[in-house]
Each structure stands twice: as C-alpha cells, then as structure tokens.
Amino acid sequence: MPSPHLQLPFSRRGFLMASAGAGAALALGPVPARAADARSCPFGRYGSPADRLTERTLYVDSHGQGDFTTVQAAVTAATGSGWTLVIAPGTYRETVSVDRSRTEMTWLGAGDGPRDVVIVYDNAAGTPKPDGSGTYGTTGSATTTVRADGFTAHRITFANDFLRAEHPEISGTQAVAIKVQGDRSAFHHCRFLGHQDTLYADSNSSTLFARQYFSHCYVEGDVDFVFGRATAVYEHCHFRTLTRTDLSSAPYGFVFAPSTEGANPHGYLVLRGRVTSEAPDAHYKVARPWVPSSSATARPMLTVRETWLGPGIDAAAPYANMRADHPWQDQRFAEYRNTGPGAEITVPENRPQLTDEEAAAHTREAYLGGWAPWKEC
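Residues numbered from 1 in each chain as written. Predicted model: local features only at pLDDT ≥ 70, side-chain atom pairs only at ≥ 80, totals over all residues. Heavy atoms only, no water.

Q: Help me get a handle on the overall build of the protein, residues and values and all.
A: Within the protein, the secondary structure is distributed over 5 helices and 27 strands. When burial is assessed residue by residue, the protein has 56% of its 377 residues classed as buried. Element-wise, carbon and sulfur atoms account for 52% of the exposed surface of the protein, whose accessible area totals about 14600 Å². (Helix = DSSP H or I, 4+ residues; strand = E, 2+ residues; numbered from the N terminus. Buried < 20%, exposed > 50% of the residue type's maximum accessible area, 1.4 Å probe, protein only. Areas by Shrake-Rupley, 256 points an atom, 1.4 Å probe, with all protein chains shown as cover.)

Q: Talk me through the pattern of salt bridges; I want residue IDs and the actual numbers.
A: Enumeration over the complete set of coordinates arrives at 17 salt bridges. Note that Arg229 and Asp202 form a salt bridge whose closest N and O atoms lie 3.7 Å from each other. Taken as a pair, Arg229 in the loop between strand S18 (226–228) and strand S19 (231–235) and Asp202 in the loop between strand S15 (199–201) and strand S16 (211–215) lie far apart in primary sequence, 27 residues in all. Two residues, Arg244 and Asp246, come together in a salt bridge whose shortest N-O distance is 2.8 Å. (Salt bridge = Lys/Arg side-chain N within 4 Å of Asp/Glu carboxyl O.)

Q: Account for the sheet that holds strand S6 (residues 96–98), naming residues and giving values.
A: Spatial ordering of the open sheet is given by S6-S9-S12-S15-S18-S21-S24, a layout of 7 strands whose pairing is parallel. With one partner strand each, in any of the chains shown, S6 and strand S24 (284–287) form the two edges of the open sheet. Neighbour-to-neighbour, the strand axes of the sheet open up by a mean angle of 15 degrees, direction not taken into account. The sheet contact formed by strand S12 (residues 178–180) and S15 spans 3 bridges and is parallel. By the bridge assignment for S15, Val180 is matched with Ala201. (Pairing = 2+ DSSP bridges. Axes fitted to C-alpha atoms, helices over the stretch in contact; angles between N-to-C directions.)

Q: I'd like to hear about the side chain of Asp116, residue by residue, with values.
A: Tracing the backbone shows Asp116 in the loop between strand S7 (106–109) and strand S8 (117–121). A polar side-chain atom of Asp116 sits 2.7 Å from the main-chain amide nitrogen of Asp112. (Polar contact = N/O pair within 3.5 Å; in protein donor to acceptor, adjacent residues only side chain to side chain.)

Q: Requested: an account of the pairing of strand S3 (residues 57–60), with residues and values cited.
A: Judged by which residues are buried, S3 turns out to be covered on both faces: Thr57 and Tyr59 on one side and Leu58 and Val60 on the other are all buried. One ladder, built from 4 bridges, connects S3 with strand S4 (residues 84–87); its direction is parallel. The partner of Thr57 across the bridge, within S4, is Thr84. As for the winding sense of the linkage, the β-α-β connection from S3 through helix H2 (residues 71–77) to S4 is right-handed. (Right-handed = clockwise from strand over helix to strand, strands pointing away.)

Q: How would you sum up unusual backbone geometry? Please name residues and give values.
A: Excluding glycine, most residues fall at negative phi; most peptide bonds, likewise, are trans. Cis geometry is adopted by the peptide bond preceding Pro251, which originates at Ala250 and carries an omega value of -5 degrees. Even without glycine at this site, Asp224 takes up a positive phi of about 50 degrees. Tracing the backbone through its elements, the reader meets Asp224 in the loop between strand S17 (218–221) and S18. By relative accessible area, Asp224 is classed as buried at 6%. Phi is positive for Ala282, which is not a glycine, with a value near 60 degrees. Along the chain, Ala282 falls in the loop between strand S23 (274–277) and S24. A relative accessible area of 33% means that Ala282 is categorised as partly exposed.

As structure tokens, this is what we get:
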C-alpha cells in the first residue's frame, strides 16, 4: 500500500507533498475496474518521479508549485518529442490540445487515482463561439484533443460536464470529453466522463489507421458515447450507461458507434470488460454503426468478447441503425462468449456470434500489430 502522501518533485526548486485524493472536485462515476493495480505501477514504463527529473519533464500544479498552472501551458512549452507532464492533484477547468508535432508525450496523474486529476470543460457542439463565428461542432466541443502519435496517459479523468437540462437553448448536445486521433495512443487507469459522444476514438484522416489502447478505464455516457474510426482495444474497461430525464421511453442511447473505414481490417475490440447501467433494464443498445455522410467507404466494426453485459442492455435487440441505408446487419458487428443478462441470446439473428476459429483473429495482438502497450506496466 502507498503512503498517505506521495512525494513528488513538482519543480526543480523543491518538493510538493501531494495529498492522495486532494482536489478532485468532479467525483462522478466509480474508479476504473481493478484501480488498485495502478498503485503497483503508478508511472508506467517511466519509473519513479525522481527518475524523470530531466529537461524533458514538466510539472503542472494549479496552485503554482510546479512549472505551469495549466495543462495547456505545459503542452505549449513542450515543443518537439518525448516530453513528460506530471500533473498535480486538482481540477483543471480548461480545454487542451496536443498538436501532431508533440509526439511521444506522456501525462502522469500524480494523485492516488484518476479521480485526483481532472481535466474538464463544458463546450457542446451547439455552444456559440465567443467570437461569434458559429458553434463549436462535435470535434470543437472536445475538452481535450490529442492529434500526436505516441501519446500515453496514466490515472487522469477527462471530462465534459455539459448538461442538456441546463442549456435547453442548445440543440447540438454532443459534448466530447476527449478526441484521440494519433497512432499508438494508450490510456491506463483513466476515466472519461460525459453524456453524448464522451470518448471520440478517431484518426487524423480517413486514410490513416490509428491504433489506440485503453486499459482498466471507466467510461460513462448515454448517446454513442464511445465512437469514431480508430482501431481501438478496450481491455478490462467498465462502460456505464446513464439514466435520462428528458426521455420517457427506450432506447436512451448506445454505448458504441464505430465508424471504421472499410479498408481497415480492425475496428473496436472490447475485451474482458463490463457494461453496467443506472438506467432501467433494457433501455440501452450495445451499438449502432456510424457511417458519416462524408465517407462512402466506411464499414463499422465492433467485436465484444468475454464481457459482462448488465440488464441495462436490450438483450433481444442490442443493435440498431443510425441510417436506414446502412443497416447494422451489413456492418462488422460480432460477439464472443459474453455473459450477463444483457448477453442472453433470445433472438439469434440479432446476436452474431464468432466461432472459436474466428475469435482467434480478434485479439489485442492482432488489432495492434506489434505495438504492445500492455507491457508498459
């Protein structure tokens, strides 16, 4: 077990004693599954904080005891490749963007878990821009945007706390917590909080395949809250569907909305996870395919295997269409050895199952192609 305080060299001028659990103002949702695992490897492949006292380590502390008080200021200062940001416990109310030039960047949450370091804002797709140039749109609503390759985050909460009920004047309620576009992007013991379009796992263009890995993470939302065209593996992750007061009947929403390009042999893989719900039983679908109007070649792909599906999932009809001209049956949706009340096969034609032989091709190794981020810890 760790000591009550984690000693961190937050600047090259001294030490800050960061109280475990301090500063987590946004305490929504449980910690990720098996969060205790993070304590045995709090900083991944980079070793202890003292080991990272180099010219390419920056310390962020909202109280002024680090090199910068905001995450974006540290990112802006970290020009080039290979920087590490150590982020002190606290709530950072800001938007953050990592452009494509800042490759191989790592963010380390310095608390005792992801609740302690929270990056949050509340833009929605329909939120007017301050300069009067229109609204943000879905992509522009993201609290955090990562375009660079080789990005890694440990023990951080990424959130968008826009609420429909507080903004009835806004019709575009997509509100992204994080948009990830870079290849080899990894998130360990992180949380992603929002409602519609929480986690945007995407790529930098339709011709680029971006491999992403999410380990022991927690994601919550309602409509299409894990979506995009990335090749993404979600291992030991917990997905939680939220209740809604603005709707009186099912469905409340969809967990996944992949938009995989047809040329990409690998889309989303959910491996040994769980789906729970605070909504009434059978009020959520597992997924619907997103075929953007801008793409004539998308063929969404989702494989859910060895995952516990709770009663919030509509077991009889777990998939639905987003567009009538692209029915889910024509896409690449499949399941394998799932359990729980939401995985019960009552209408076989609505639950495409992989054979053992087919399942052998749906592994993290096959999807990520030689990149092994699970070995970082």
